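Take a look at the letters that make up each chain.
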Amino acid sequence: FFFFSSAMMGSHVVVFLLVCRRSWSLGPDRRRSMDLCSRLKEAPSARAVSVLLEENPEVVNTYVVSAAMTRYRRLKKPLESLSLFLRAKEALGLKQNVFTYGEAISAKVQLRDLAGALGLFDDLVEEGILPNEVTYNSLIHACGKGGRWEKALDLFAEATSRGLRPSEITYNALIS
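Note that the structure is a prediction, hence the values are computed from the model and not measured. (Residues numbered from 1 in each chain as written. Predicted model: local features only at pLDDT ≥ 70, side-chain atom pairs only at ≥ 80, totals over all residues. Heavy atoms only, no water.)

1. Digging into the overall build of the protein
Step number 1: Looking only at helices and strands, the protein features ten helices and zero strands.
Step number 2: For the protein, the N- to C-terminal ordering of α and β elements is α-α-α-α-α-α-α-α-α-α.
Step number 3: Buried positions account for 46% of the 176 residues belonging to the protein.
Step number 4: By sequence separation, contacts in the protein at least 24 residues apart represent 56% of the contacts at least 6 residues apart.
Step number 5: For the protein, the exposed area adds up to about 9300 Å²; of that, 56% sits on carbon and sulfur atoms. (Helix = DSSP H or I, 4+ residues; strand = E, 2+ residues; numbered from the N terminus. Buried < 20%, exposed > 50% of the residue type's maximum accessible area, 1.4 Å probe, protein only. Contact = heavy atoms within 4.5 Å. Areas by Shrake-Rupley, 256 points an atom, 1.4 Å probe, with all protein chains shown as cover.)

2. A short note on the packing of helix H6 (residues 98-110) against helix H8 (residues 133-145)
Step number 1: At a closest axis distance of 9 Å, the pairing of H6 and H8 adopts a crossing angle of 15°. Viewed along their axes, H6 and H8 adopt a mutual orientation that is roughly parallel. Crossing of H6 over H8 shows left-handed handedness. Only Thr 135, Ser 138, Leu 139 and Ala 142 of H8 make contact with H6, whose side of the interface consists of Val 98, Gly 102, Ile 105, Ser 106 and Val 109.
Step number 2: Across the contact of H6 with H8, the residue classes tally to five nonpolar, four polar and no charged. (Axes fitted to C-alpha atoms, helices over the stretch in contact; angles between N-to-C directions. Parallel < 35°, antiparallel > 145°, perpendicular 65-115°, else oblique. Left-handed = near helix turned anticlockwise from the far one by under 90°. Nonpolar A, V, L, I, M, F, W, Y, C, P; charged D, E, K, R; others polar.)

3. Quick look at the side chain of Asn 97
Step number 1: Topologically, Asn 97 is positioned in the loop between helix H5 (78-90) and H6.
Step number 2: Excluding residues that lie within four positions of it along the chain, Asn 97 makes contacts with Thr 62, Tyr 63 and Ile 129.

4. Some details on H8
Step number 1: Given a rise of 1.5 Å per residue, 13 residues ought to cover 18 Å, and the 18 Å separating the end C-alpha atoms of H8 matches this to within 8%.
Step number 2: Between the side-chain oxygen of the N-cap and the backbone nitrogen of Val 134 there are 3.2 Å, and the N-cap of H8 in question is Asn 132.
Step number 3: Looking one or two residues beyond H8, the residue adopting positive phi is Gly 147, at roughly 75°. (Expected span 1.5 Å × (residues − 1). Polar contact = N/O pair within 3.5 Å; in protein donor to acceptor, adjacent residues only side chain to side chain.)

5. Considerations on the nonpolar core
Step number 1: In this structure, Leu 40, Leu 53 and Leu 155 are the most contacted members of the largest nonpolar core, which totals 44 residues.
Step number 2: Of all elements in the fold, only helix H2 (28-42), helix H3 (46-55), helix H4 (62-74), H5, H6, helix H7 (114-126), H8 and helix H9 (149-161) reach the threshold of two or more residues within this core.
Step number 3: If near-sequence neighbours (up to four positions away) are discounted, Leu 40 is found in contact with Val 49, Leu 52, Leu 53, Val 64, Ala 67, Ala 68 and Arg 71. (Core = buried A, V, L, I, M, F, W, Y, C linked by side-chain atoms within 4.5 Å.)

Below, the structure is given as structure tokens:
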């Protein structure tokens with residue numbers, strides 16, 4: 001397993017690799033989940049993502065949902081990403097994690113829904129999930145683009161007070 005820094009690759013790719021890496025050393029269902037993560041990464045369309053999820057319901061877990069949400073976002077289908085987030089949480093009963101919340105926040109940002117993104121961030125914190133650098137970077141960037149620079153600075157201060165180290169991506173988000 002190779003670790004690539006976020007400077008070498010997009011942060012979400014690193015997250016995807018770390019999420020899928022957990023499946024390698026576990027049982028057959030985990031290996032099938034890993035295989036599904038890989039196929040989702042290459043899915044050519046939003047419909048292909050949906051078909052893969054429908055054909056493999058027995059191995060859909062939080063990591064697979066996160067990989068599918070990432071693919072929807074990259075295909076510029078943020079509504080499908082958010083729909084999957086809600087469906088996984090409500091219908092499938094999957095416990096969300098920082099990666100699925102991060103993808104949902106990114107989808108809200110892609111839709112230019114800053115209030116919705118901040119609301120999801122509040123939900124994440126209320127559930128006791130610790131936000132990561134990617135989550136903060138998405139929100140800081142969105143706040144900057146939305147003219148809410150004071151909120152961007154507050155989020156930056158909160159992230160550093162939680163012990164997260166700002167990266168080049170964080171500083172770029174602050175000045176954008």
